[in-house]
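Working through the structure, step by step
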Amino acid sequence: MEATAVAHPNIALVKYWGKRDIEYNLPAAGSVSMTLGGLETRTYVAFDSSLAHDQFELDGDLVDDGRRLARVTGFLDLIRERAGIDHRARVTSGNNFPTAAGLASSASGFAALAVAAASAAGLTIDERELSILARRGSGSAARSIYGGFVEMQPGAHAEPAVASEEAFARPIAPAEHWDLRCLVAVTAEGEKAVGSTEGMNRTQQTSPYFGAWVDSVPTDIDAARQVIAERDFESLADIAERSCLRMHASAIGAEPGVLYWRGTTVDLIHRVREARAGGLSAFFTIDAGPHVKVFCPADASDDVRALLDDVDGVRDVLEAWPGKAARLVELQESP
Ligand code: PMV
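Residues numbered from 1 in each chain as written. Predicted model: local features only at pLDDT ≥ 70, side-chain atom pairs only at ≥ 80, totals over all residues. Heavy atoms only, no water.

A few words now on the nonpolar core. Counting residues in each nonpolar core, the largest one holds 66 residues, and the members touching the most others are Leu13 and Leu308. Contacts of Leu13, omitting those with residues within four sequence positions, involve Val32, Ser33, Met34, Phe149, Ile228, Leu236, Ile239, Ala240, Ser243, Phe283 and Phe295. Counting residues in each nonpolar core, the second largest holds 40 residues, with Ala7, Leu123, Val150 and Ala163 among its members. (Core = buried A, V, L, I, M, F, W, Y, C linked by side-chain atoms within 4.5 Å. Buried < 20%, exposed > 50% of the residue type's maximum accessible area, 1.4 Å probe, protein only. Contact = heavy atoms within 4.5 Å.)

This part covers the pairing of strand β9 (residues 88-95). Alternating residues of β9 divide into Ala89, Val91, Ser93 and Asn95, all buried, and Arg88, Arg90, Thr92 and Gly94, none buried. As judged from the eight bridges shared by strand β6 (residues 41-48) and β9, these two strands associate in the antiparallel manner. Among the inter-strand pairings, Thr43 is bridged to a residue of β9, identified as Ser93. Here strand β7 (residues 55-58) runs beside β9; their pairing, made up of four bridges, is parallel. Bridged to Gln55 within β9 is Arg90. (Helix = DSSP H or I, 4+ residues; strand = E, 2+ residues; numbered from the N terminus. Pairing = 2+ DSSP bridges.)

Now for the sheet that holds β6. Consider a sheet: its strands pair through backbone hydrogen bonds, and that pairing is either parallel or antiparallel. The sheet built from six strands is open, its strands ordered β8-β7-β9-β6-β1-β16 with mixed pairing. With one partner strand each, in any of the chains shown, β8 (61-62) and β16 (327-332) form the two edges of the open sheet. Where helix α1 (residues 66-83) meets the sheet, its contacts fall on β6, β7 and β9, and the angle it forms with β9 comes to roughly 120°. (Axes fitted to C-alpha atoms, helices over the stretch in contact; angles between N-to-C directions.)

For the rest of this paragraph, the subject is the pairing of strand β5 (residues 31-37). The buried count for β5 comes to seven of seven residues, which makes it a mostly enclosed element. Neither face of β5 is exposed, since Ser31, Ser33, Thr35 and Gly37 on one face and Val32, Met34 and Leu36 on the opposite face are all buried. As defined by bridge partners, strand β2 (residues 10-14) adjoins β5 across four bridges and the pair is classed as antiparallel. Considered in β5, the bridge of Ile11 is made with Met34. Two elements, β5 and strand β10 (residues 149-152), share four bridges in a ladder whose sense is antiparallel. Bridging from a neighbouring strand, Ser33 pairs with Val150 of β10. Examined bridge by bridge, β5 and strand β15 (residues 314-322) share two bridges and lie antiparallel to one another. Its bridge partner lying in β15, Leu36 is registered against Pro322.

Rendered as structure tokens:
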């Protein structure tokens, strides 16, 4: 079979930063996110007995860098094991958003790959299983299986192999629940120097603040779940900003410190805070890179865009809204 799937990236409102188990890619704590409509990854997968190796094409280029290809092959191995097949696969993937936006994250990539590869391998599995599978590719990808507002559960069991079956995302509220906007201020200073896995591992191994960070997450998740249900923007703003700043504080405390921010990042934090103090409904969040994502109600998005456009060092502003779940868009018999 050959299958094509679409998935959207997501941005965490309560961050994921740290792994409890590397082999199963188990998060150290839960997280909460919004799936981003308007930005998408489209991935085609066909298992083919004539191939000697997996082939992975991203945005029109064949990926031959060993590490990125190994990550896709490692993920496909999980699918092959489960489906009882050993054919190699042809994978073609493309993003409709610029890679430099710092959103070409693995989230939409592994969510789309999970859906397409499972279907192409003839597996019939539900969303929970897809979320568990996507997590093995990338922690944040587990959340992109669902649309709207999503909570990732970390898995409680002491045995990683058992906890792995408990560590999946679940929807908190559908996309239609709340018309928030997420504006991505793309900074000219460019991409991250330290990948999220390396940044997390270094933080976990060397930052004296890592334990305090992990301990702070459950309270934020409970609070975020409640204020999302109530569409309480100001409370969500407080929770999301503190989660972001605490995550980065733990990373900055590593040895050597993991610092993703550039000058423009800090300028943007101040501008958003000043605007909020002046009455604009907007809050910021930042992931493993210099770009800043600003959430606001739909009717504030023009004002937020004008604010971000005005900051020196902002190269582009992308706009997203609550998006749909990852989904299969085409399935056909291989010729
Ligand atoms: O999914 P990963 O392993 O790339 O980690 C994502 C980490 C952050 O984006 C910084 C936070 C998050 O929860 O998405």
